[in-house]
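Okay, here's what each chain looks like letter by letter:
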Amino acid sequence: MRWQRSATLLAFALATTAEYWTSASVSLTLTDLGGTLAASSDEATWALTIYTTAFAVAIALSHRLSVYFGNRKYLGVCALTYAIASIGCALSPNLPSFLVFRAVQGFAGGIFLVRTFVFFTQRIELEHRGSIALTFFIEVMIFGRLIPYIASGWFADNVTWRLQFAIPTILMVAAASLFFTFTAKHWRQADNTGEPVDLLGIVLLVVGAGALQTALSRGEIDDWFGSFFIKTFFAIGIVGNALFALWELSPRNKAPLLDLRYMRERTVYAGGVVGFALGLLLSGSLYVIPQFLRTVESHSALQTGVLLSVGAVGAIFSLWLLQYIQPLTKRLGSRFILSAGFLTAMISELLFAHFLTPDTPDHLLWIPLFLNGVFIALSVPTLGGAAFALVTDQETSSARAIFYGLRQFGTSVGVTVAVILVDRRSALHSGRLLEAFFNRSLAPISQTQEFSAEALKAFEGLIRKQSLVLAFSDVFYVMAAIAALSLLTIPLLPVPIPGRAASHEDEKSTSLKNLAAISAETL
């Protein structure tokens, strides 16, 4: 019934807003929670990488578990679990307990992304899908990105960062109530199969992804392959993921967790390649930009939140504008729009690198921040549409789980790589600055009486800050290079073939207005 569908849509809006709110606020307040939980800057980033890894695993699980348990029970339980985990995060006394609850949040929150997209495909008529989706995600962007940046910043500065988990808790409880009351168990008859859950696939996926992410996160701290611990976990991660892929493709697996045969479709595997690169770039807005503003510019949480809201405004404005340029976007095609999006990302990253100084005026960052939002609004929905242009409604749930799982894993890897680059490059630049200042000799420090303890401490702080500026500039240059290389992968995306998946001919030629339904998870 229409009113039941509307109630389910409202539940998705509440759940998606809560997940957006949490991801935005945690990335903004890493410095604050790290100080409270006695964590170093590297350790604080685990709050992001653990969450994104668990999020990616949850996406992979979403198709099969929704079929087995039914959407009503699956979505409702996950919403309640997310709410409980949010309370756990707010009350955590130390970093280990906080990370455990963050992992639970990731597992519970990852399903709302892909199930929202499947809901739009399977439960909303094609002629209404674009306008409803566009309105839906603009509202989610406003209440899940724009407002949280400012509100969470204020909470952190004036009360406590723990309060930022209160709103997501309330929203998820309300969403759970709606899911349990109004959501249909299955959205299409073919899902009511009663097939068993692929338990072996779940174990291999969790072990493989968890071990690999642990190795990546701890590698810089434990000296990478000089550590037996890192070598062991890296080997477990590689073997676990390889066995998972082989088991999912095995004819003995009658109900695979992910039907990786879809990767034979050029549109899916090409989308996965570009999507992984997109995930790497999205890590910039998730980690690199907030951390530069907090650690180098020494902005308060509120000041940082206000600046980050410029990017959210750019994304909202772009999504709003799409509905008025529908004929143009239809003629240009997805490849052209994607190219424009990645080119915008490259320009944004280069502007960031160019303008970075120890005391860059905020107004100089408005343009790159706005362009970063435009990039997300253009590339995320367009790629999501292009990757599924030839996928039928019957295949969309499993295929989307594969695609968004790869993209989310790219985001997790991107955060890890950014942390490593900042640490390595700052050490390198610090050494070079000292060599240049003392003409390749540190002896003057101990031989001269002109350097008081206070002066040396101030000099050390100056060197550290300048080396961090140069390190973050290097990260932005790397991001720009990734954006440029991504342009070379866009031709891999096929142009929809007339007559293929005829029942979706109208959907294949949809404009970016319709494709805005795919932009939820990272804007």
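These figures come from a predicted structure and were not determined experimentally.

**Things to note about the overall build of the protein**
Scanning the protein for helices and strands turns up 20 helices and 0 strands. By residue count, 57% of the 523 residues in the protein fall in the buried class. Considering only residue pairs separated by 6 or more positions, the protein has 85% of its internal contacts joining residues 24 or more positions apart.

**Concerning unusual backbone geometry**
The backbone of Ala38 shows a phi angle near 55 degrees, a positive value even though the residue is not glycine. When you line up the elements, Ala38 lands in the loop between helix H2 (30-36) and helix H3 (41-44). Judged by its relative accessible area of 69%, Ala38 falls in the exposed class. Its identity as a non-glycine residue notwithstanding, Ser298 has a phi of 55 degrees, on the positive side. Note on placement: Ser298 falls in the loop between helix H11 (266-296) and helix H12 (301-322).

**Here's the deal with the packing of aromatic side chains**
This structure, assessed with the given rule, holds 16 aromatic pairs. Centroid distance Phe98 to Phe165: 6.2 Å. Interplanar angle 70 degrees. Geometry classified as edge-to-face. In this pair, Phe98 sits in helix H6 (residues 95-123) while Phe165 sits in the loop between helix H7 (126-158) and helix H8 (166-182), placing the two residues 67 residues apart along the sequence. Residue Phe98 shares its accessibility class with Phe165, and that shared class is buried. Here the aromatic rings of Phe112 and Phe179 are separated by 6.1 Å at their centres, their planes lie at 15 degrees, and the arrangement is stacked. Separated by 67 residues along the polypeptide, Phe112 in helix H6 and Phe179 in helix H8 bring together distant segments of the chain. Here Phe112 and Phe179 have matching classes, each one buried. Members of the aromatic cluster, joined through ring pairs, are Phe12, Phe112, Phe119 and Phe179. A cation over an aromatic ring shows up here: Arg145 above the ring of Tyr20, its NZ or CZ 4.9 Å from the ring centre.

**A few points about helix H4 (residues 46-69)**
At Ser62, H4 shows its strongest bend, of approximately 45 degrees. Taken across its 24 residues, H4 has 21 buried, putting it largely inside the fold.

**With respect to the pattern of salt bridges**
Note on pairing: side chains with opposite charge can pair once their charged atoms come close. Applying the stated rule across the entire model yields 2 salt bridges. The salt bridge partner of Asp32 is Arg294, with a shortest N-O separation of 2.8 Å. With Asp32 in helix H2 and Arg294 in helix H11, this pair connects stretches of sequence that are 262 residues apart. One exposure class covers both Asp32 and Arg294, and it is buried. Arg425 serves as the salt-bridge partner of Asp474, at 2.8 Å between the closest nitrogen and oxygen. One end of the pair, Asp474, is in helix H18 (residues 453-489); the other, Arg425, is in helix H16 (residues 393-437), with 49 residues separating them in the sequence. A relative accessible area of 18% means that Asp474 is categorised as buried.

**Remarks on the nonpolar core**
Residues Phe98, Phe112 and Phe179 are the most contacted members of the largest nonpolar core, which totals 131 residues. When sequence neighbours within four positions are dropped, the list of residues in contact with Phe179 reads Thr8, Ala11, Phe12, Ala15, Arg72, Leu75, Gly76, Ala79 and Phe112. Formed by 8 residues, the second largest nonpolar core is a distinct cluster that contains Leu212, Ala215, Leu216 and Trp224.

**Comments concerning the packing of H4 against helix H9 (residues 199-219)**
One way to put it is that H4 packs onto H9 with a least axis distance of 10 Å and a crossing angle of 165 degrees. Here H4 is positioned roughly antiparallel relative to H9, judged by the angle of their axes. Seen along the crossing, H4 lies across H9 with a hand that is right-handed. In contact with Trp46, Thr49, Thr53, Val57, Ala60, Leu61 and Leu65 of H4, H9 contributes Ile202, Leu205, Val206, Ala209, Gln213, Ser217 and Arg218. Here the contact of H4 with H9 is composed, by residue class, of 9 nonpolar, 4 polar and 1 charged.

Conventions we followed
- Residues numbered from 1 in each chain as written.
- Predicted model: local features only at pLDDT ≥ 70, side-chain atom pairs only at ≥ 80, totals over all residues.
- Heavy atoms only, no water.
- Helix = DSSP H or I, 4+ residues; strand = E, 2+ residues; numbered from the N terminus.
- Buried < 20%, exposed > 50% of the residue type's maximum accessible area, 1.4 Å probe, protein only.
- Contact = heavy atoms within 4.5 Å.
- Phe/Tyr/Trp six-rings, centres within 6.5 Å; stacked < 30°, edge-to-face > 60°.
- Lys NZ or Arg CZ within 6 Å of the ring centre and 35° of its normal.
- Bend = angle between axes of the 7 residues up to and from the residue.
- Salt bridge = Lys/Arg side-chain N within 4 Å of Asp/Glu carboxyl O.
- Core = buried A, V, L, I, M, F, W, Y, C linked by side-chain atoms within 4.5 Å.
- Axes fitted to C-alpha atoms, helices over the stretch in contact; angles between N-to-C directions.
- Parallel < 35°, antiparallel > 145°, perpendicular 65-115°, else oblique.
- Left-handed = near helix turned anticlockwise from the far one by under 90°.
- Nonpolar A, V, L, I, M, F, W, Y, C, P; charged D, E, K, R; others polar.

The values reported here are purely geometric and, on their own, carry no functional implication.
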